[in-house]
Structure formats: structure tokens, C-alpha cells
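# A structural walkthrough
Residue strings, one per chain:
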Amino acid sequence: MARPLIAEIDLDALRHNYRLACERSPDSRCVAVLKADAYGHGAVPCARALEGIAPAFAVACIEEAVVLREAGIDAPILLLEGIFEAAELAQVDDLGLWMTVHSDWQLEALLAHRPAGPIPVWVKVDSGMHRLGFPPEAVEAVWQRLREAPAQACDLHLMSHFATADLEDSAYFERQMARLEALADRLGAPLCLANSPATLARPRAHGAWNRPGVMLYGSDPLEVANAASRRLAPVMTLRSAIIAVRELPAGEPVGYGGRWTTPRPSRIGVVAAGYGDGYDRHAVDGTPVLVAGRRTAIAGKVSMDMLTVDLTDIPEADIASEVVLWGRASNGEVLSVDEVARHCDTISYTLLSGVLPRVPRRYHGGQS
Ligand SMILES: *Cc1c(COP(=O)(O)O)cnc(C)c1O
């Protein structure tokens with residue numbers, strides 16, 4: 001028998017989540033963000049499942065766009081950070097990409113370029129995230145120069161990113177919005193602002209386009225869930241099995257360093273999954289796991305290829321029992337990757353995009 005660990009990807013759930021993003025923002029179109037290999041889900045199969053319902057995709061760099069084009073994906077693809085060097089403009093041209101322009105050197109490179117046809121340009125403004133983008137007071141001049149260069153740039157959009165759209169406290173979000181609305185008014189610019197939390201919970205930010213990412217994969221990005229985020233469906237199920245069972249008396253340490261000690265006579269299950277697969281080694285004792293569709297918890301430190309769980313209260317669990325590290329068990333029980341992330345002092349993004357190539361992906365659904 002092969003090692004039982006697999007990442008099952010439910011492409012119907014992906015389509016459901018994408019449609020939910022559209023339903024939340026009926027006057028916007030949604031770019032489906034497929035960067036980081038679709039947050040670990042596989043960019044090509046995810047793009048194929050969304051082709052026909054998503055009018056455009058977004059990635060972090062040309063290399064990710066090349067993978068999609070080579071697989072025959074011909075929908076528009078937005079480069080969220082634009083180019084990293086001027087020489088990439090030839091590829092932007094060849095591959096028919098949309099590009100973000102966030103800094104002066106990118107603007108100058110574009111204006112000095114002689115593309116076959118004008119390139120759709122999304123001008124990024126730093127409205128308060130203080131990562132990428134032109135300062136608001138510089139945007140008008142940038143916009144003007146691009147408008148005066150119809151051979152280089154077309155279809156101008158104004159784009160920005162929120163620092164706190166996921167938080168209940170909306171004060172900083174409102175500050176960013178006020179700057180953006182003032183700019184959009186002055187320039188008459190179509191906007192693309194909303195990430196997943198803003199798509200789900202901040203209608204004020206819904207522009208001509210939104211850019212949902214993590215919500216497409218079923219993770220709830222909101223600090224406090226809302227009616228829409230509760231309808232998200234998990235896309236990835238990280239599934240394995242029990243490969244050994246130990247019966248131990250009370251007082252026995254389990255695993256490296258003996259971090260966890262049996263508090264009572266215990267049955268311990270060994271699961272084929274570890275940090276060598278991308279399961280987070282920071283998972284504390286008590287991190288939830290589903291065994292045979294029932295909740296139990298990690299007991300002892302995660303090893304490279306294995307981890308240990310407490311089976312004492314699941315007497316029916318035995319060798320070959322199903323283990324779900326996050327996602328949906330065969331009996332329908334769901335363990336959200338967000339809940340697992342909280343026990344690892346991280347966010348779903350790192351767990352999902354951190355599943356390593358050793359774990360085979362198995363796809364189902366995705367056809368219309
Ligand atoms: C990754 C990214 C997104 C998507 O963010 P989520 O929080 O995953 O929805 C949107 N915009 C930009 C610029 C990004 O880099």
C-alpha cells in the first residue's frame with residue numbers, strides 16, 4: 001500500500017467559493033488570485049476549474065503566469081507586483097499579461113518600451129498598507145503620463161491593498177477608503193481594492209474589480225465570521241491514516257523531548273504526516289485532528305514524517321483509520337484549516353501554501 005497521505009482538492013468547492021465572492025459583490029468582477037500555486041492547491045487545475053466563470057486571474061510574478069499560459073490558460077492574467085526587471089516587459093507583451101505599476105522605475109521602463117500593443121495597466125497606490133504603491137499625491141501625475149502614452153498603456157485601473165480589512169475595528173480601513181475615494185473622484189478611475197476579507201465584509205471597497213484569494217480556498221479570513229464567510233466550503237482536505245497504535249500506562253512521555261505525557265492509561269495513534277509534508281511543527285498539544293470522523297488532538301511534537309494523536313476516547317480507531325488534518329472527513333465532519341492555524345500560531349495561508357510536493361494532490365469535480 002502507498003503512503004496514505006494525500007491532499008484532496010475539491011474543485012466544486014473552489015467554484016462555489018468563487019461564486020460566493022461574486023454574489024457578495026454583484027456590481028464588481030472578481031479576479032481569482034492563483035499565486036503561490038493557488039495557495040498550494042495547484043494553479044493549473046484551479047485555473048481550469050474557474051475558466052469560464054472567472055474573467056481574469058492574478059499571480060505574483062511572470063514565472064507563475066508562464067505556467068498557466070503553457071497549460072493553455074488564455075484568460076487575462078494580472079501580475080500583482082508587475083515586473084521585477086525591465087527585460088520582463090517583452091514577456092508581458094508575448095504572454096498578453098496585465099501589469100501592475102507600483103513604482104517609478106516600472107513606469108519609466110514601461111514608457112520606454114515599444115510593445116506590440118498597449119498593455120492594460122493597474123496603477124498601485126499606497127493608501128496606508130505602506131508596502132507597494134505610489135504615494136497618493138504622486139498618482140495624478142503617473143495617471144496623466146500613462147494616459148498620454150496610448151501605445152504603451154491602456155485600460156487604466158487604480159489598485160490598492162488594505163492592511164486591516166479582516167479586523168472588526170474598521171477605523172484604519174475607513175482611513176484608507178477615504179484617501180482612495182478622493183483619488184478615484186479626481187481621476188475618474190475604476191478601482192480594484194478588495195482582497196478576501198473586504199470582498200466578504202466591506203461593500204464600500206467593492207470596485208470595478210475585486211481580488212479575492214484565500215476565500216476561494218475556503219478559509220475564512222475575517223476576525224469575526226459573518227453570514228457569507230460561514231458559507232465558504234473547504235477546498236483542500238489533508239487526509240492520511242493511522243499506521244500504528246500504542247497502548248501506554250499513565251505517566252509515559254510521547255515523542256521528541258517528551259513534551260506530552262500520558263495523563264491516564266492511553267491509546268496513541270501514529271499518523272503518516274509530518275513537517276516533511278508541510279504540516280506545521282509548531283502545532284501544540286491539543287491541536288485538533290479528525291480520526292474516523294471524530295475530533296481528537298495532537299499529543300506530542302510533530303516529527304518529520306509522522307505525528308501522534310490521542311485515540312483513548314475513540315475506541316473504534318485502529319490501524320488504517322482515516323485521519324483528516326484539515327478539511328472534510330468521509331462522514332462529513334469538517335475541521336477548518338483556520339482552526340488548525342490558530343493552534344500553530346499562524347494563518348491558513350502558510351499551512352495551505354506550505355503543503356510540500358511530497359504530498360500527492362488528488363482532484364475531483366470542477367466541471368460545469
Ligand atoms: C495575495 C493578494 C490578494 C489576495 O489576498 P487574500 O487575502 O488572499 O484575499 C489580493 N491583492 C494582492 C495585491 C495580493 O498580493
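Sequence order as written defines the numbering, with residues in each chain counted from 1. Only residues with pLDDT of 70 or above have their local features reported here, since the model is predicted, and side-chain atom pairs are shown and tallied only from 80 upward, although totals for entire chains, interfaces and linings are computed over all residues. Excluded from the side-chain calculation are hydrogens and water; included are all heavy atoms of the structure.

## A few points about the overall build of the protein chain
This is how the line gets drawn: Runs of E in the DSSP output that reach at least two residues are strands. Runs of H or I that reach at least four are helices, and both are numbered from the N terminus. Put simply, the radius of gyration uses C-alpha atoms, and a globule should come to 2.2 Å times the residue count raised to 0.38. Each residue's exposure class comes from its accessible area (1.4 Å probe, protein chains only) as a fraction of the maximum for that residue type: buried when under 20%, exposed when over 50%, partly exposed otherwise. Any two residues whose heavy atoms approach within 4.5 Å are treated as being in contact. Each accessible area is a Shrake-Rupley estimate made with a 1.4 Å probe; only the visible protein chains count as cover when residues are assessed. Counted as positive: Lys and Arg. Counted as negative: Asp and Glu, with His and the chain ends omitted from the count. Here the site of a charge means NZ on Lys, CZ on Arg, CG on Asp, or CD on Glu.
Secondary structure assignment for the protein chain yields eleven helices and 19 strands. In summary, the protein chain has a C-alpha radius of gyration of 23 Å against a globular reference of 21 Å for 368 residues, a match within 12%. Taking the principal axes of its C-alpha atoms as reference, the protein chain extends roughly 80 × 45 × 40 Å. Out of the 368 residues belonging to the protein chain, those deemed buried represent 55%. If you take every contact in the protein chain between residues at least 6 apart in sequence, the share linking residues at least 24 apart comes to 64%. Accessible surface for the protein chain amounts to roughly 15400 Å². Of this, 52% is attributable to carbon and sulfur atoms. Looking at charge distribution, the protein chain has the averaged site of its 35 positive side-chain charges lying 3 Å from that of its 46 negative ones.

## A short note on the domain arrangement of the protein chain
The test is simple: What counts as a domain boundary in this text is fixed by an automatic or database domain assignment. Here the buried area means the combined drop in accessible surface, using a 1.4 Å probe, for two parts upon being joined, counting both sides. Here, a salt bridge means any Lys or Arg side-chain nitrogen found within 4 Å of an Asp or Glu carboxyl oxygen. In the analysis that follows, any N or O atom pair within 3.5 Å is treated as a polar contact, provided that within protein one partner can donate a hydrogen and the other can accept it, and provided that, for residues neighboring in sequence, both atoms belong to side chains. Three residue categories are used. Nonpolar comprises Ala, Val, Leu, Ile, Met, Phe, Trp, Tyr, Cys and Pro, charged comprises Asp, Glu, Lys and Arg, and polar comprises the others, including Gly.
One can read the domain layout of the protein chain as domain 1 (11-218) and domain 2 (236-364). Computed from C-alpha coordinates alone, the two centres of domain 1 and domain 2 are separated by 37 Å. Between domain 1 and domain 2, the contact holds ten residues from the first and eight residues from the second. Summed over both sides, the interface of domain 1 with domain 2 buries roughly 850 Å², with 61% coming from carbon and sulfur. On the surface where domain 1 and domain 2 come into contact, there are zero salt bridges. The interface formed by domain 1 and domain 2 contains four residue pairs in polar contact (both at pLDDT 80 or more). Here the residues of the side of domain 1 that touches domain 2 are counted per class, giving six nonpolar, three polar and one charged.

## Side note on the nonpolar core
Here is the rule we go by: Within this scheme, the nonpolar core is defined by two criteria: the residues are buried Ala, Val, Leu, Ile, Met, Phe, Trp, Tyr or Cys, and they are joined through side-chain atoms within 4.5 Å.
Counting residues in hydrophobic clusters, the biggest one holds 119 residues, and the most contacted among them are L146, L158, Y279 and W326. Built from parts of two domains, this core gets at least three residues from each of domain 1 (11-218) and domain 2 (236-364). With residues near it in sequence (within four places) discarded, L146 still touches L107, L110, L111, V121, V123, A153 and L156.

## Brief notes about the environment of Y256
Positionally, Y256 belongs in the loop between β11 (253-254) and β12 (260-261). The class of Y256 is exposed, set by a relative accessible area of 59%. Counting along the chain gives 44 residues from Y256 to G300, while the straight-line C-alpha distance between them is 7.3 Å.

## Quick notes on the site of the ligand
Stated precisely, the cut-off is as follows: Nearness of a residue to a molecule or strand requires only that one of the residue's heavy atoms be within 4 Å of it.
All residues adjacent to the ligand are K35, Y39, L80, K124, H161, N195, S196, R211, P212, G213, V214 and Y349. Contacts to the ligand include S196, whose side-chain N or O atom sits 2.5 Å from an oxygen atom. Here an oxygen atom of the ligand sits 2.9 Å away from a polar atom, N or O, in the main chain of G213. For the ligand, the accessible surface in isolation is 390 Å², of which the surrounding protein chains cover 93%. Taken together, the residues of the shell around the ligand sort by class into five nonpolar, four polar and three charged.

## Details of the pairing of strand β1 (residues 6-10)
Selection criterion: Pairing between strands requires that DSSP locate at least two bridges from one strand to the other.
Along β1, four of the five residues are buried, which leaves the element largely enclosed by surrounding structure. Pairing geometry for β1 and strand β10 (residues 236-248), over four bridges, is antiparallel. The residue bridging I9 from the neighbouring strand is M236, located in β10. Relative to strand β19 (residues 361-364), β1 is paired through four bridges, and the arrangement is parallel.

## Looking at unusual backbone geometry
Residues other than glycine predominantly adopt negative phi, and peptide bonds predominantly adopt the trans conformation. Residue A36 is not a glycine yet carries a positive backbone phi of 50 degrees. Within the element layout of this structure, A36 appears in helix α2 (residues 35-40). The phi angle at A320 is positive, at roughly 85 degrees, despite the residue not being glycine. You can see A320 is positioned in the loop between β16 (307-310) and β17 (322-328). Under the relative-accessibility criterion, A320 is labelled exposed at 56%.

## A short note on the pattern of salt bridges
Counted according to the given criterion, the structure contains 16 salt bridges. The shortest N-O distance in the salt bridge between R358 and D277 comes to 2.8 Å. Remark: D277 occurs in the loop between β13 (266-271) and β14 (288-291) and R358 occurs in the loop between α11 (348-353) and β19; sequence separation between them is 81 residues. Among the salt bridges present, the one from E339 reaches R295, with a minimum N-O distance of 2.4 Å. Placement of E339 in helix α10 (residues 337-343) and of R295 in strand β15 (residues 294-297) is noted, with a sequence separation of 44 residues between them. A relative accessible area of 43% places R295 in the partly exposed class. One network of salt bridges, with partners in common, ties together R3, D277, D305 and R358.

## Some remarks on the side chain of R69
Topologically, R69 is positioned in helix α4 (residues 62-70). Here the side chain of R69 touches I73 through a polar contact of 2.7 Å, landing on its backbone oxygen. Among residues more than four places away in sequence, those in contact with R69 are D74, A75, P76, I77, L95, G96 and L97.

## Things to note about the environment of N195
Residue placement: N195 occurs in the loop between β8 (191-192) and α9 (196-201). Excluding its chain neighbours within four sequence positions, the residues that come into contact with N195 are H161, F162, A165, R211 and P212. Within polar-contact distance, the side chain of N195 engages the backbone nitrogen of A198 at 3.3 Å.

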